[in-house]
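# Residue-level structural notes
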Amino acid sequence: MEMPETQHSATKRQVWNAGRMVGAKRALKPKQIWEIRFYLNQRRRLRDRALFDLAIDSKLRGCDLVQMKIGDIVSGGQIRTRAIVMQRKTGRPVQFELLPDARASLLAWLDRRGGTVDDYVFPSRVDHNGHLSTRQYARLVDEWVTGVGLMRSEYGTHSLRRTKASIIYRATGNLRAVQILLGHSKIENTVRYLGIDVEDALALAENTEI
């Protein structure tokens, strides 16, 4: 009996996630952060170092990160110590800090990049009036992590968003603070995003003496 064409096509069509690792991407550890910074510094990749540092400190989604403008992070010729952006996904503002390493790498990049406060921090190399695409950002992250010996299947752009939030949570156990920093409307979203489970809760409890 001949198989109907539609059924035959369905059996041949590959599942979108076949062979891929699906689920939350791992956060980077402090040692891995410095390995990537060293990797980028050795190759004199000012833009990539600034992009990496801004991604870590801002904890922004890729779509918000690539659309940041110079005026969002610069005031009076200096890199701000704190900045605020409006999230595309939620329409809510979120604030973040810029620590000395990020400020230094951003200043070095902007000195080379030039531009005005209305220009994108990371312009597209195809359309100079546009910004770096989220697809290209993802490709760069793949290159960075594989460059230091990590598996690209385990890390991605959300790894950078999750990294500092995870470090803060494990150091303080303050889930509400992490929720605010990530710009989540519900604390349940933060719990899922960080991948917090019973073991995490027990570990925090065991380290708290009364």
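Residues numbered from 1 in each chain as written. Predicted model: local features only at pLDDT ≥ 70, side-chain atom pairs only at ≥ 80, totals over all residues. Heavy atoms only, no water.

### A closer look at the overall build of the protein chain
Operational definition: Elements are defined by DSSP. Helices are runs of H or I of four residues or more, strands are runs of E of two residues or more, and each kind is numbered from the N terminus. Only protein chains enter the calculation, and the probe is 1.4 Å; a residue is then buried if its accessible area is under 20% of its type maximum, exposed if over 50%, and partly exposed in between. Contacts are residue-level and defined by heavy atoms, with any inter-residue pair within 4.5 Å sufficient. Residue exposure ignores everything except the shown protein chains as possible cover, and the areas themselves are Shrake-Rupley values with a 1.4 Å probe.
What the protein chain contains, in helices and strands, is 11 helices and four strands. Expressed as a percentage of its 210 residues, the buried residues of the protein chain come to 39%. Counted over contacts in the protein chain with a minimum sequence separation of 6, partners at least 24 positions apart contribute 60%. Carbon and sulfur atoms make up 51% of the accessible area of the protein chain, which totals about 13000 Å².

### Focus: the confidence of the model for the protein chain
Note the threshold: For every residue, the predictor states its confidence as a pLDDT score lying anywhere from 0 to 100.
Looking at the protein chain as a whole, the pLDDT averages 85, with 82% of positions reaching at least 70. When the criterion is pLDDT under 50, residues 5–12 qualifies, and its contacts beyond four places in sequence or with other chains add up to two contacts. Under a pLDDT of 50 for its full length, residues 14–22 has, in the predicted model, four contacts with residues more than four places off or in other chains.

### Some details on unusual backbone geometry
Positive phi is not limited to glycine here, since R44 has a value of about 55 degrees. Relative to the helices and strands, R44 is located in the loop between α2 (30–42) and α3 (46–58). You can call R44 exposed: its relative accessible area is 71%. Backbone geometry at K59 places phi at a positive 60 degrees, although glycine is not the residue there. Inspection of the secondary structure assignment puts K59 in the loop between α3 and α4 (62–65).

### Some points on the pattern of salt bridges
In plain terms, the rule: What counts as a salt bridge is simple: a side-chain nitrogen of Lys or Arg found within 4 Å of a carboxyl oxygen of Asp or Glu.
Within this structure, the stated rule accounts for 12 salt bridges. Of the charged contacts in the structure, one is a salt bridge between K164 and D57, with a shortest N-O distance of 3.0 Å. Placement of K164 in helix α8 (residues 157–172) and of D57 in helix α3 is noted, with a sequence separation of 107 residues between them. Put simply, R152 and D142 hold a salt bridge, and the shortest N to O gap is 3.0 Å. Residue R152 is found in the loop between α7 (134–147) and α8, and its partner D142 is found in helix α7; the two are separated by 10 residues along the sequence.

### So, the environment of R139
As for its placement among the helices and strands, R139 is situated in helix α7. Here the alpha-carbon distance between R139 and G156, two residues 17 residues apart in the chain, equals 8.9 Å.

### Concerning the side chain of S124
Counted only if it meets this: Polar contacts here mean pairs of N or O atoms no more than 3.5 Å apart (in protein, one a potential hydrogen donor and the other a potential acceptor; neighbouring residues in sequence count only if both atoms are side-chain atoms).
By the element assignment, S124 lies in the loop between α6 (100–113) and α7. Engagement of the side chain of S124 in a polar contact is seen with the backbone nitrogen of V126, the distance being 3.0 Å.

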